[in-house]
Amino acid sequence: MTLQLAVTFSQLSLSHYLVMSSVLFVIGLVGFLTRRNLIVMFLCTELMFQAAAIAFVAFGRYWYDFTGQVFVIFILTVAAAEAALALALVVLLYRRRSTLNADEWMELSE
Amino acid sequence: MMSWLLILLPLVGVLGIIAAPARLAKVTALLTTLVVFGVSIAAAVGFGGWGNGTMGLTGSFQWLTNYGIEIQVGADSVSLVLVLLTTFLMPLAVLGSFSSVKDRLREYYGWLLGLQAAMIGVFLARDLVLFYVCFEFTLVPMFFLIAIYGSTNRARASVKFMIYTFTGSLITLAAFLWLAWSASQAADGQWTFAIADLTRHATTSLAASEQAWLLLALLIGFGVKVPIFPVHTWLPLAHTEAPTAGSVILAGVLLKLGTYGLYRFMLPMCPEAVVEWAPVIAILAIIGIIYAALICWIQTDVKKLVAYSSVSHLGFCILGLFALNPMGLEGSILYMVNHGLSTGALFFLIGMMYERFHTRDMRAIGGLAGRMPIWACFMVFFVLASVGLPGLNGFVSEFLCLIAVFTAGEGGAYPGVLGPWYAAIAALGMIFAAMYLLIMVGKIVFGPERLPAGNHDDGPLPKDLGVREIVVLVPLAVLCLVLGVQPWIIIDGTSAAVADTLAVYQPLLEQASQQTGSAVSNALAGGAP
Amino acid sequence: MTGTTIAIRIAESIPAVPAVPMADVVEATSHWWAGFILWCPLISLVLCGLCAAFRVKSKLPAWITVLSLACSFTFTVILGNLEDVPERINLFEWIAVFWSDGSFVANFALYIDSLTILWMSFVTGLGTLIALYASEYMEPDLGKGYARFFAGVSVFLFAMGCLVMGDNLLMLYLGWEGVGFASYWLIGYYYRRPEAVAAAKKAFIVNRIGDLGLALAIYLIWATFGTIQYNELMTLLDEGTYATVYEHWSVEAIPYLLMLAAFGKSAQLPLYIWLPDAMEGPTPVSALIHAATMVTAGIYLIARMYPFFLLEPTSLHVVAWVGGLTALLAATIGMAQYDIKRIFAYSTVSQLGFMFLGLGVLTTYGASYHVFTHAFFKAVLFLTAGAVMHGFAGQLDLRKLSGLRRMKGWRIVAWTMFVGCICLAGFPFTSGYFSKDAILAEAFVTQGPGFEILGWIAIFTAFLTAYYTFRVWCRVCAGPVHFEPGDELHDDDHHDDGHDEGHGFHPHAPRFAINFVLVVIAAGALLASVPYFMTNEVSDIKGGWIADMVNDSTAASGIPGHAEHPGTIAHDHSGDHGHHHGSILGMDPHVAMYYISGVVGGVGLFLAFWLHLWRRQDADRLRSWLLARAWIRWLPVAMENKWYVDEVYHALVRAPLWLLGHIFHGFDRYIIDGLLVDGTARLPRLVAKWFQPLQNGMLQSYAITMAGGAALIALLMILMMQFFEGGGVQ
């Protein structure tokens, strides 16, 4: 069983990773589009980030090019910084209107 | 070194303004512009290129060497003359706005200084990148000067000014990039943006049709800036709405960026196309002269009148350039300076009037000579300079431009593609100029006194010019007189540079006049029966 | 042979003549002091300006001006009497452009020949006297206006000096526009009066039309000959180089362009309209600028450039006919006016017409002599009119003034005016008699199209002149004492004397300065006939030193050695009277003219005395008789309305231009700016309108759009890839 599993594991091709990545991405996307809660929406964007990161790693491995891995580290760093910033913004917004509903902010409409 | 100083000092002044409290802003700006003026005088005195066509004040700075982008500065005599015009006008513009600008002082003077740096940069640039960056950057300060400190219709005016001239210059940018690309193709991928190299490339390896496209693209960008006839409509609006100093700089220097561009790029880079198309450009210029003059004639807004008169006057400047002979080019260079002085002064005077009476409508105001005799004296003086009274500056340049056009072609002593008819029709502009400017003087300076109703109930009637205002005007008047009587100061200094520019035209023009001209010039040339 | 090749050949023949021969410059510096003829008025201008700035309330500006003009006059006289005056005196470099194979040079230099001296002597002489006169006349304006006035006079004298003494056409142009500007300045002196401002503007603009001709002439002369300096031009013409040019079109065009300039400045048809209006200026200005000196610049120009006219005979015919017709037209208008100054103004136009007639019929001498005499007697007439205006509070209507010669303190005015009148009328043995006859006779001598008719027109005009001149004198100076003051009471009259307008009005008679000047200039007007009898040194024609001076200059009416050229005018003047003469009534025209013009003048004078002194009611009766007859009614009406020339101008020139201006303005605003520029700018906005609903502010709708867009792009890419791959396979 373990052998079987190992064999199966080694048989994982690039497309498996890409499917995984796109599933993750679609989950994030749908979550972002359907939920109104700012924090949930933010987490969904994080999911999409990770989807992209998986794709990068997969491609990096596939081509034996470490640029992909470099990019993942880059994405993680940016995501961390951005998470700090975004959460701070969310906190500020919450203080203004005491709600986390995204539809409360529509000032940009024409 | 001097060049860097000239470009960077105004920016240092901007830092000074940011650092200093608001009430010191104007003094800082004045000091900075004075220092820059001093530096430019020192540069001019030490300049080795007077009368011999060489470059001086050179310097370079490696930037993106992989792409051949090297920031190069330097000046030949023509550039330096225009730099001097800029540095001369700036302290006056600053001094002239002391009383008219009352709030957001730091921004105002900061933008003025930024503008100065950009303008000097344009004239000193020896590579296209620096040139284009500075050329476009002049728009930004001007945009804010109009949009923040302008009069009622300022928002529209500033946006129009910005978008119109920017659109024109984008086409010029495209031409520049194409030219650099073509040069790099010719030089095995070795990129360069140096003006001298590109000029050499353009004259030696471009086909006539390629030159024609280059000419067209340059004409659009610089023609909007000058402005030449069909693309002039941004100018009256921008002038009318701009604050006084803005109008002065706009008329005095910014319009000259266009003519300078034509002189610096179009004439040397596409000689064959210029010979081919000079008649067309000349006809546009002549239409501009007559058309704008007649529009001036029926204006009621003084500032608009002077603005349209710029369109008319610069037509002469363009004509001089495309006469393609030394007199024409000298006349044109003189015209750039003279127009800057006299029209700049007229905008100052109108600003002073506006400050006192809050109107520019000739129907509402008039007969100020009795109340403001000093102002009236200056007004008449500068109007006469603008009309082209011999003995004052305007005459010399106008005369040289017209005689150059007259002789350039059939019936003339020197080969060229224009001719007597061009000069004869353009010279009608002299009559029209007298008409509209004297009507303006007759209305606002002379005649029975008319003051706009109901704006002086709250205070004493306005007084004549104060010392500060006189100090602004006197240098301009003196220079108008000096350049009217001793124009050799500029003519002799720039003659060699002009001769260099024209060297490439000698064979072309002789060929053109022997083969009875190209198709275009043949169809359009007037001249001998 | 095309024009270009000729022009190039001429230009090629010239570079041998460097624009400023070095030897010339060196030599010229020896007479640098001659420049003070010009610098004196300039210094005076600066000092008057300072007076205005420091609010000097005295007559200082007047004395400065008089003194400096007197200095100019003295220098002129000295220069004229020097034995070895250089032809050119270089002062400084003005406009000079040099290039590899040519140059354009116009230096600030003086060209001294006898014509220059003749002109400058009466310009500076009369200028001095009239400035002296004005020192009293302008008294009511003491202060800023006073300084402004004398500054204007100084500018004028400077410009006139440049015009006359300039060594090249550009200097002439400088003076030409300069006097126009001085005239603008001084006509508009009373700047609060709309009429004065309008008149000043009109003068400047109409003159500018003439200036255009001069400018084009300069361009053309330079283009053809490669120089604009008189000495080089005259040398080229003299040497016969012109023979090559002769068939070049420019030779035909140059005289007409110069003519346009001359007609503008000297108020000839069709550009004379500005001169009568110019009388809005102070009277000394009318006397100096608009009668004696500036308006003769046109005659000077043609005289100076006479060789060009001789090359194109038709141009001289045009000059003669325009002169003759202007003389007649202006005289008829002058007859029907009531304003004294206006009458004199039209008479000036008319006399200038005589001078052009003289130029046209090849007597530059006659024209110049008439300029000279006219300067004196017309100055007297204007100055007396000014004295009247000054004394009677601006009254100039000749119906409201009478019997001046019987009033205390007005005798000098009345009799000096009489002197002016007899000279103008051409009464026998006065100066005007001789100078006018020189022109009239020559009209019959010289051959040209209809010159005989022209001669008779001129004689008729001389008759009208005598009539309208004495109409003024008889009305104003003779007859019973009667006057009504005008409406221009000066403020100081009000306060000092304390009387009301009209009631108990005392005309204040002129004092010393005015009387002195009047007497001097009147004496000059009488003595101006003396040169006619003086001996000749150069030639044996009548006319004395004026004839010598004219014939010794570029105005000599024949190019020596080239008279046989097929193109030059067949004429028989300039010295020898041996061959071919016209005749009047079988007599030698020069002799006959003495009798004819004497009689004509006498008749005119008699008519004036009859209608305006002895039986004044007859004049009114004549007028009402004329007005009552439908067939003749148009004549007096048209004359009184100045033949509607101003109205015609308005309809033909001003109104169309005005309309064009408005059309252009509309075109600019709605078509170019509105449609093309703003229309183009509106396109992006229109496009933006379609997409605007997307911008709804809902975060998630943006996200959907974005995701949809990304999906769309991805789809497109896939499709394209398939398309290209597919294409590649097949």
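Residues numbered from 1 in each chain as written. Chains lettered and ligands numbered in written order. Predicted model: local features only at pLDDT ≥ 70, side-chain atom pairs only at ≥ 80, totals over all residues.

1. With respect to the overall build of chain C
Put simply, the test is: We count a stretch as a helix when DSSP gives it H or I for four or more residues in a row; a strand needs E for two or more, and each element gets its number in order from the N terminus. Three exposure classes are used, based on other C-beta atoms lying within 10 Å of a residue's own C-beta, which is placed from the backbone: buried for 20 or more, exposed for 12 or fewer, and partly exposed in between. Note that contacts rest on C-beta atoms placed from the backbone: two residues are in contact if these are within 7 Å.
For chain C, the count of helices and strands is 30 helices and 4 strands. Scored against the burial criterion, the 730 residues of chain C give a buried share of 53%. At a minimum sequence separation of 6, the contacts of chain C that also span at least 24 residues come to 79%.

2. Considerations on the overall build of chain B
For clarity, the cut-off: As defined in this context, the radius of gyration uses C-alpha atoms, and a globule is described by 2.2 Å times the residue total to the power 0.38.
Of the regular secondary structure elements, chain B holds 21 helices and 4 strands. Whereas a compact globule of 529 residues would reach a radius of gyration of roughly 24 Å, chain B reaches 22 Å, a difference of no more than 12%. Each principal axis of the C-alpha atoms in chain B carries an extent, and together these give about 75 × 60 × 40 Å. Per-residue burial over chain B gives 65% buried out of 529 residues. Contacts spanning at least 24 positions in sequence make up 79% of the contacts within chain B whose residues lie at least 6 apart.

3. A look at the interface of chain C and chain A
We count it as follows: Ten residues, namely Ala, Val, Leu, Ile, Met, Phe, Trp, Tyr, Cys and Pro, are considered nonpolar, four, namely Asp, Glu, Lys and Arg, are considered charged, and the remaining ones, Gly among them, are considered polar.
In this complex, chain C contributes 10 residues to the contact, which on the side of chain A involves 10 residues. Looking at the side of chain C that touches chain A residue by residue, the classes come out as 5 nonpolar, 5 polar and no charged.

4. Observations regarding the interface of chain B and chain C
Of the residues lining the interface, 51 residues belong to chain B; the matching set on chain C comes to 52 residues. Of all the elements in the fold, those that place two or more residues in the side of chain B that touches chain C are α12 (271-297), α14 (326-357), α15 (373-387), α16 (393-407), α17 (420-444) and α19 (488-503) of chain B. Counting residues per element, the side of chain B that touches chain C draws most heavily on α17(B), which supplies 10 residues. Among the residues making up the side of chain B that touches chain C, the classes are represented as 38 nonpolar, 11 polar and 2 charged.

5. Structural notes on the packing of helix α5 (residues 114-137) of chain C against helix α23 (residues 512-527) of chain C
Residue and element names in this part refer to chain C. Definition in use: Here an angle of 0 to 180 degrees is reported between the N-to-C directions of two axes, which are lines fitted to C-alpha atoms, with helices fitted over the stretch in contact. With respect to orientation, any angle under 35 degrees is reported as roughly parallel, any angle over 145 as roughly antiparallel, any angle of 65 to 115 as roughly perpendicular, and every other angle as oblique. In a left-handed crossing the near helix is turned counterclockwise from the far helix by less than a right angle, and in a right-handed crossing that turn is clockwise.
Across the interface, α5 lies against α23 with an axial gap of 8 Å and an inter-helix angle of 155°. Between α5 and α23, the interaxial angle falls into the category roughly antiparallel. With respect to the hand of their crossing, α5 and α23 are arranged in left-handed fashion. For the pair formed by α5 and α23, the contact residues are Leu129, Leu132, Tyr133, Ser135, Glu136 and Tyr137 on the first element and Ala513, Ile514, Val517, Val520 and Ile521 on the second. Across the contact of α5 with α23, the residue classes break down as 9 nonpolar, 1 polar and 1 charged.

6. Observations concerning the packing of helix α10 (residues 234-241) of chain B against helix α13 (residues 302-322) of chain B
All names here are of chain B. At a closest axis distance of 8 Å, the pairing of α10 and α13 adopts a crossing angle of 140°. In terms of axis orientation, α10 runs oblique to α13. Classified by chirality, the crossing of α13 by α10 is right-handed. Counting all contacts with α10, which are made through Leu235, Pro236, His239 and Thr240, the residues of α13 involved are Lys303, Lys304, Ala307, Tyr308, Ser310 and Val311. For the contact of α10 with α13, the per-class residue count stands at 5 nonpolar, 3 polar and 2 charged.

7. Some points on α13(B)
Stated formally: Take the number of residues in a helix, subtract one, and multiply by 1.5 Å to get its expected span.
For α13(B), spanning 21 residues, the distance from its first C-alpha to its last is 31 Å, which sits close to the expected 30 Å at 1.5 Å a residue. Burial within α13(B) is extensive, with 20 of its 21 residues counted as buried.

8. What to know about the environment of Pro276(C)
Residues and elements named next belong to chain C. The residue proline 276 is located in helix α12 (residues 274-277) in this model. Residue proline 276 is classed as buried on the basis of its 27 C-beta neighbours within 10 Å. Proline 276 sits 68 residues away from phenylalanine 344 along the chain, and the two C-alpha atoms are 8.7 Å apart.

9. Things to note about the confidence of the model for chain B
For clarity, the cut-off: Across the chain, each position has a pLDDT score giving the predictor's confidence in that residue, from 0 to 100.
Of the residues in chain B, 94% reach a pLDDT of 70 or more, and the chain-wide mean stands at 88. Here residues 516-529 of chain B scores under 50 on pLDDT; set against residues more than four positions off or in separate chains, the count is 39 contacts.

10. A closer look at α17(B)
Taking 1.5 Å of rise per residue, the 25 residues of α17(B) would be expected to cover 36 Å, and the 37 Å separating its terminal C-alpha atoms lies within 8% of that figure. Of all the 25 residues making up α17(B), 21 are buried; the element is thus mostly covered by neighbouring parts of the structure.

11. Structural notes on the pairing of strand β2 (residues 69-75) of chain B
Residue and element names in this part refer to chain B. Definition in use: DSSP calls a pair of strands paired once it identifies at least 2 bridges connecting them.
Bridge count between strand β1 (residues 56-64) and β2: 6 bridges; the pairing is antiparallel. When the sheet's bridge partners are listed, glycine 59 is paired in β2 with valine 73. The hairpin turn running from β1 into β2, its antiparallel successor, is 4 residues long, and glycine 68 in that turn takes a positive phi close to 70°.

12. Overview of unusual backbone geometry
As a rule of thumb, non-glycine residues mostly have phi less than zero, and peptide bonds are mostly trans rather than cis. With omega at -5°, the peptide bond leading from Val226(B) into Pro227(B) counts as cis. Cis rather than trans, the peptide bond between Leu269(C) and Pro270(C) has omega equal to -5°. Looking at the element boundaries, Pro270(C) is found in the loop between α11 (249-265) and α12. In the Ramachandran plot, Tyr64(A) falls in the positive-phi region, its phi being about 55° despite a non-glycine side chain. Tracing the backbone through its elements, the reader meets Tyr64(A) in the loop between α3 (38-63) and α4 (67-97). Positive phi, normally seen in glycine, also occurs at Asp188(B), with a value near 55°. For Asp188(B), the location among the structural elements is in the loop between α7 (154-186) and α8 (195-205). For Asp188(B), a count of 6 C-beta atoms within 10 Å puts it in the exposed group.

13. Quick notes on the nonpolar core
Going by this rule: The term nonpolar core refers to a set of buried Ala, Val, Leu, Ile, Met, Phe, Trp, Tyr and Cys residues connected through C-beta atoms within 7 Å.
Ranked by internal contacts, the top residues of the largest apolar core, which has 458 residues, are Val405(B), Leu258(C) and Ala379(C). If one sorts the elements of this core by residue count, helix α8 (residues 194-225) of chain C sits on top with 20 residues. Residues within four places of Ala379(C) in sequence aside, it is in contact with Leu126(C), Ile130(C), Ala287(C), Ala291(C), Ala292(C) and Ile521(C).

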